[in-house]
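# Understanding the architecture of this molecule
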2 protein chains.
Amino acid sequence: MPGSFVDKSECTHRTIFPGVDIHTAAGREMMLSFVEFEPGAIVEAHSHPHEQAGIVVSGRGRFIVGGVEKDLGPGDMYIIPGGVVHRVIASPEGLKALDVFHPIREDYL
Amino acid sequence: MPGSFVDKSECTHRTIFPGVDIHTAAGREMMLSFVEFEPGAIVEAHSHPHEQAGIVVSGRGRFIVGGVEKDLGPGDMYIIPGGVVHRVIASPEGLKALDVFHPIREDYL
């Protein structure tokens with residue numbers, strides 16, 4: 001990473017599900033992933049060994065984490081333990097969130 | 001932590017500098033800290049061994065990290081390595097940001 005300030009245009013960009021794009025940047029032990037969902041887009045149920053902490057930046061979405069469902073909006077936060085299955089469905093207005101992973105997700109570099 | 005969804009009202013609340021309040025929640029390896037600056041409030045220059053990754057949620061602020069200055073606004077992200085001195089000055093409109101630390105900041109539990 002060139003400096004402490006993360007310019008989205010310099011991040012790694014991936015489309016991880018239809019209508020769900022991420023921009024990622026890795027530090028030493030944590031990875032930032034800015035996630036943008038088109039209206040109604042879905043992150044399908046999955047899990048990973050990495051701990052995932054995050055916040056909804058704008059829009060809304062239904063988060064299903066370990067079988068527990070909750071609608072989250074701007075400012076709502078979450079910490080998903082490693083290994084817990086989670087799924088997210090964006091509202092009709094779409095959803096933007098920041099995820100932070102530890103350790104680094106090598107698959108998102 | 002009782003569940004994956006972090007309710008701000010259940011977070012630990014601290015005033016870390018005049019006009020700068022945080023609400024924190026700890027996972028296993030990462031800690032969330034939602035930071036709210038009153039207009040013009042300042043986080044004075046400091047450092048810690050923890051890596052710090054974050055995003056500006058609303059408002060604006062001047063971030064000085066390792067001697068490099070930048071004005072950040074909504075959606076702007078940063079990764080501050082452990083040990084690097086940083087300082088933040090909120091704009092006249094105030095500033096809200098999410099910080100994520102690794103490892104857990106025991107002083108914020």
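Sequence positions are assigned chain by chain, starting from 1 and proceeding in written order. The lettering of chains begins at A and the numbering of ligands begins at 1, in the order of writing. The model is predicted, so local features are restricted to residues of pLDDT at least 70 and side-chain atom pairs to those at 80 or more, both for listing and for counting; the totals for chains, interfaces and linings are taken over all residues.

### Some words on the overall build of chain A
Put simply, the rule reads: Secondary structure elements follow DSSP: runs of H or I no shorter than four residues count as helices, runs of E no shorter than two count as strands, and numbering proceeds from the N terminus. Radius of gyration means the value over C-alpha atoms here, while the globule rule gives 2.2 Å times the residue count to the 0.38 power. Each residue is classified by how many other C-beta atoms fall within 10 Å of its C-beta atom, where C-beta atoms are placed from the backbone; a count of 20 or more means buried, 12 or fewer means exposed, and values in between mean partly exposed. C-beta atoms are placed from the backbone for every residue, and two residues are taken to be in contact when these atoms lie within 7 Å.
Along its length, chain A carries zero helices and nine strands. Each helix and strand of chain A, placed in order from N terminus to C terminus, yields the pattern β-β-β-β-β-β-β-β-β. The globule rule puts the C-alpha radius of gyration for 109 residues at 13 Å, and the 13 Å found for chain A is close to it. Viewed in the frame of its principal axes, chain A has a C-alpha envelope of about 35 × 30 × 25 Å. Counting the 109 residues in chain A, one finds 39% classified as buried. For chain A, restricting intrachain contacts to residue pairs at least 6 apart in sequence, the fraction spanning at least 24 positions comes to 64%.

### Here we look at the relation of the copies chain B and chain A
Just so we agree on the cut-off: Copies are brought into register by a least-squares superposition over C-alpha atoms of residues with pLDDT of at least 70 in both.
Between chain B and chain A, which share one sequence, the superposing operator has a rotation angle of 180° and an axial displacement of 0.0 Å; the RMSD is 0.0 Å. The superposition of one copy onto the other is thereby described by a two-fold rotation axis. Taking the C-alpha atom as reference, chain B places valine 57 of chain B closest to the rotation axis, 3.1 Å from it. Interface residue correspondence from chain B to chain A reaches 100%, placing this contact among same-surface, isologous pairings.

### Remarks on the pairing of strand β3 (residues 20-26) of chain B
Residues and elements named next belong to chain B. Basically, it comes down to this: DSSP bridges decide pairing: two strands pair if at least two such bridges lie between them.
The buried fraction of β3 is high, at five of seven residues. In this sheet, β3 lies alongside strand β2 (residues 12-17) in antiparallel orientation, the contact comprising five bridges. Directly across from threonine 12, in β3, lies its bridge partner threonine 24. The hairpin turn running from β2 into β3, its antiparallel successor, is two residues long, and glycine 19 in that turn takes a positive phi close to 80°. Summarising the sheet, β3 and strand β4 (residues 31-37) pair through seven bridges and their orientation is antiparallel. Pairing of aspartate 21 across the sheet is with glutamate 36, part of β4. If you look at the hairpin formed by β3 and β4, you'll find four residues sitting between the two strands.

### Quick look at the interface of chain B and chain A
Test applied: In this classification, Asp, Glu, Lys and Arg are treated as charged, Ala, Val, Leu, Ile, Met, Phe, Trp, Tyr, Cys and Pro as nonpolar, and every other residue, Gly included, as polar.
Listed as interface residues are 30 residues of chain B and, on the opposing side, 30 residues of chain A. Listed by contribution, the elements that provide at least two residues to the side of chain B that touches chain A are β1 (5-6), β4, β6 (51-65), β7 (68-72), β8 (77-80) and β9 (86-102) of chain B. The greatest single-element share of the side of chain B that touches chain A, amounting to five residues, is contributed by β6 of chain B. Each residue belonging to the side of chain B that touches chain A can be placed in one class, and the counts come to 20 nonpolar, six polar and four charged. Pairing of strand β8 (residues 77-80) of chain A with β1 of chain B, which is carried by two bridges, proceeds in the antiparallel orientation.

### Re the pairing of β7 of chain B
Residues and elements named next belong to chain B. As paired elements, β6 and β7 share five bridges and run antiparallel to each other. By the bridge assignment, glycine 61 is partnered in β7 with leucine 72. Between the antiparallel neighbours β6 and β7 lie two residues, among them glycine 66 with a positive phi of about 60°.

### As for the nonpolar core
Defined as follows: Note on definitions: a nonpolar core is a set of buried residues drawn from Ala, Val, Leu, Ile, Met, Phe, Trp, Tyr and Cys, linked by C-beta atoms within 7 Å.
If you look at the biggest cluster of nonpolar residues, it comprises 60 residues, and the most contacted ones within it are Leu32, Leu98 and Val100 of chain A together with Leu32, Leu98 and Val100 of chain B. Beyond its immediate chain neighbours, meaning those up to four positions away, leucine 98 of chain A contacts Leu32, Phe34, Gly54, Ile55 and Val57 of chain A together with Ile55 and Leu98 of chain B.

### Considering the confidence of the model for chain A
The criterion, for reference: Each residue carries a pLDDT score, the predictor's own confidence in it, on a scale running from 0 to 100.
The share of residues in chain A with pLDDT of 70 or more is 98%, and the mean pLDDT across the chain is 96. This complex was scored by the predictor with a pTM of 0.96 and an ipTM of 0.95.

### What about unusual backbone geometry?
The step from histidine 102 of chain A to proline 103 of chain A runs through a cis peptide bond, and the omega angle for that step is -5°. Note that proline 103 of chain A resides in the segment after β9 (86-102).

### Notes on the environment of lysine 96 of chain B
All names here are of chain B. Turning to its location among the elements, lysine 96 is positioned in strand β9. Residue classification places lysine 96 among the partly exposed residues on the basis of 17 C-beta atoms within 10 Å. For lysine 96 and glutamate 38, which are 58 residues apart along the polypeptide, the C-alpha to C-alpha distance reads 8.9 Å. If we skip the residues at most four places from it in the chain, lysine 96 touches Val35, Glu36, Val57, Ser58 and Gly59.

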